[in-house]
Amino acid sequence: MDLALFFILAAAYIGLVVWAVTRQKKWTLMAAVYLVLFGLIYDNGIIALGKFIGEGALLENLNAMRYWIHALLTPALVLFSLGALRAAGVDWARKSWALYSAIALFILGIVIEIWQVTWGTELAPVREYGVLKYVSTEEAGGPPIMILLVSAVLLIAGLIVWKKTGWSWMFVGSVIMGIGSSVTIPVESAAVTNIFELILLASLVWTKIHLEKNSNGTERGPDDE
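The structure reproduced in this document is the subject of the present report. (Residues numbered from 1 in each chain as written. Predicted model: local features only at pLDDT ≥ 70, side-chain atom pairs only at ≥ 80, totals over all residues. Heavy atoms only, no water.)

It is worth spelling out the overall build of the protein chain at this point. If you tally the helices and strands in the protein chain, you get eight helices and two strands. What you see in the protein chain, going N to C, is helices and strands ordered as α-α-α-α-α-β-β-α-α-α. On C-alpha atoms alone, the protein chain measures out to a radius of gyration of 18 Å, which is about the 17 Å that the 2.2 N^0.38 rule sets for 225 residues. Taken along the three principal axes of its C-alpha coordinates, the protein chain extends 55 × 30 × 30 Å. Sorting the 225 residues of the protein chain into buried and exposed places 46% on the buried side. Expressed as a percentage of contacts within the protein chain between residues at least 6 apart in sequence, the contacts between residues at least 24 apart total 76%. Just so you have it, the protein chain exposes about 11,400 Å², and 67% of that area is on carbon and sulfur atoms. (Helix = DSSP H or I, 4+ residues; strand = E, 2+ residues; numbered from the N terminus. Rg over C-alpha atoms; globule rule 2.2 N^0.38 Å. Buried < 20%, exposed > 50% of the residue type's maximum accessible area, 1.4 Å probe, protein only. Contact = heavy atoms within 4.5 Å. Areas by Shrake-Rupley, 256 points an atom, 1.4 Å probe, with all protein chains shown as cover.)

Turning to helix α3 (residues 57-73), a few remarks are in order. Because an α-helix completes one turn every 3.6 residues, residues spaced three or four positions apart along the sequence face the same direction. With 17 residues, α3 extends 24 Å between its outermost C-alpha atoms, agreeing within 8% with the 24 Å of an ideal straight helix rising 1.5 Å per residue. Residues of α3 that are buried: Leu59, Asn63, Arg66, Tyr67, Ile69 and Ala71. The inward-facing, buried residues of α3 contact α2 (33-53), α5 (96-118), β1 (123-128) and β2 (131-136). (Expected span 1.5 Å × (residues − 1).)

Here the focus is the pattern of salt bridges. As enumerated under the stated definition, the model contains five salt bridges in all. Put simply, Asp91 and Arg94 hold a salt bridge, and the shortest N to O gap is 3.7 Å. Of the charged contacts, one joins Lys208 and Glu212 as a salt bridge, the two residues approaching to 3.2 Å between their closest N and O atoms. Placement of both Lys208 and Glu212 in helix α8 (residues 194-214) is noted, with a separation of four residues, approximately one turn of the helix. No difference in accessibility class separates Lys208 from Glu212, as the two residues are buried. (Salt bridge = Lys/Arg side-chain N within 4 Å of Asp/Glu carboxyl O.)

Quick look at the nonpolar core now. Counting 56 residues, the largest nonpolar core has Tyr13, Leu37, Phe80, Val161, Met170, Leu201 and Leu204 as its most contacted members. Only α1 (2-22), α2, α4 (77-87), α5, α6 (145-165), α7 (169-182) and α8 provide two or more residues apiece to this core. Aside from chain neighbours lying at most four places away, what touches Leu204 is Val33, Leu77, Phe80, Leu154 and Met170. (Core = buried A, V, L, I, M, F, W, Y, C linked by side-chain atoms within 4.5 Å.)

Moving on: α8. Counted at 1.5 Å a residue, the expected span for α8 with its 21 residues is 30 Å, and the 30 Å between its end C-alpha atoms agrees. Contacts from the buried residues of α8 go to α1, α2, α4, α6 and α7.

Our focus in this paragraph is the packing of aromatic side chains. Geometrically, a pair of aromatic rings is defined through the distance of the ring centres and the angle of the planes. Under the defined criterion, the tally for this structure stands at seven aromatic pairs. Aromatic pair Trp68 and Trp119: ring centres 6.2 Å apart, planes at 80°, arrangement edge-to-face. Separated by 51 residues along the polypeptide, Trp68 in helix α3 and Trp119 in the loop between α5 and β1 bring together distant segments of the chain. Between Trp162 and Phe171 the ring centres are 5.5 Å apart and the planes differ by 35°, which places this aromatic pair in the tilted class. Members of the aromatic cluster, connected to one another through ring pairs, are Trp167, Trp169 and Trp206. (Phe/Tyr/Trp six-rings, centres within 6.5 Å; stacked < 30°, edge-to-face > 60°.)

A cluster of nonpolar side chains, Phe7, Leu49, Phe52, Ile53 and Leu58, forms an exposed patch at the surface whose accessible area comes to about 470 Å². At three residues, the largest contribution of residues to the nonpolar patch is made by α2. If you trace the backbone, Ile53 turns up in helix α2. Judged by its relative accessible area of 33%, Ile53 falls in the partly exposed class. (Patch = residues over 30% accessible without salt bridge, like charges linked within 9 Å, V, L, I, M, F, W, Y side chains within 5 Å.)

Turning next to the packing of α2 against α8. At their nearest, the axes of α2 and α8 sit 11 Å apart, and the two run at 150° to each other. Judged by the inter-axis angle, α2 sits roughly antiparallel to α8. The interaxial crossing formed by α2 with α8 has left-handed handedness. Note on element contacts: α8 touches α2 through Asn194, Glu197, Leu201, Leu204, Val205 and Lys208, opposite Val33, Tyr34, Val36, Leu37, Leu40 and Asn44. Classifying every residue of the contact of α2 with α8 by side-chain character gives eight nonpolar, two polar and two charged. (Axes fitted to C-alpha atoms, helices over the stretch in contact; angles between N-to-C directions. Parallel < 35°, antiparallel > 145°, perpendicular 65-115°, else oblique. Left-handed = near helix turned anticlockwise from the far one by under 90°. Nonpolar A, V, L, I, M, F, W, Y, C, P; charged D, E, K, R; others polar.)

So this is what it looks like as structure tokens:
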């Protein structure tokens, strides 16, 4: 079951990239979502192909890259959030301090994830539900701080965008992702919970398309110079 699901997820993310690119109106901070989409294409694709690549050093290294890509690219959703606020017409989001703060949070998220999860992680092969992948042999050292940070930014930004423009889907997608990651689903699959991640990214791409279509101004403000 999971083998097919991971292939479907990878294809779905490719579809989101195509949808976003074909509806691209302008290049703003919201284009940071492409980084996350490419990372998820790789992540789901490698898991789907693991069974065919086979156990060994090659697959282990390819899976190690999944952890590094996650650490380096996922925090880019902080930049996406600022771009969404700017496109929604939130005045303070156009200030230089807002941009510098978003960049600082982006870098902080990367540093935290590398320090907490990625650096020195030892991987071991795991076969479950029809797929072969390498996962960390260590227990998670505390709550996923980077994920909590990014999730909080998305929720707050989504709520502000909703209040400012009436567009609720960024907030709704973030809420669904939060629920999906905190609730145990009684299904024999490791891929089902990834569907909530797909829902989040679909809501962000949809938000990007909607805000760019309806934005009359630019992201830049007088304090950005």
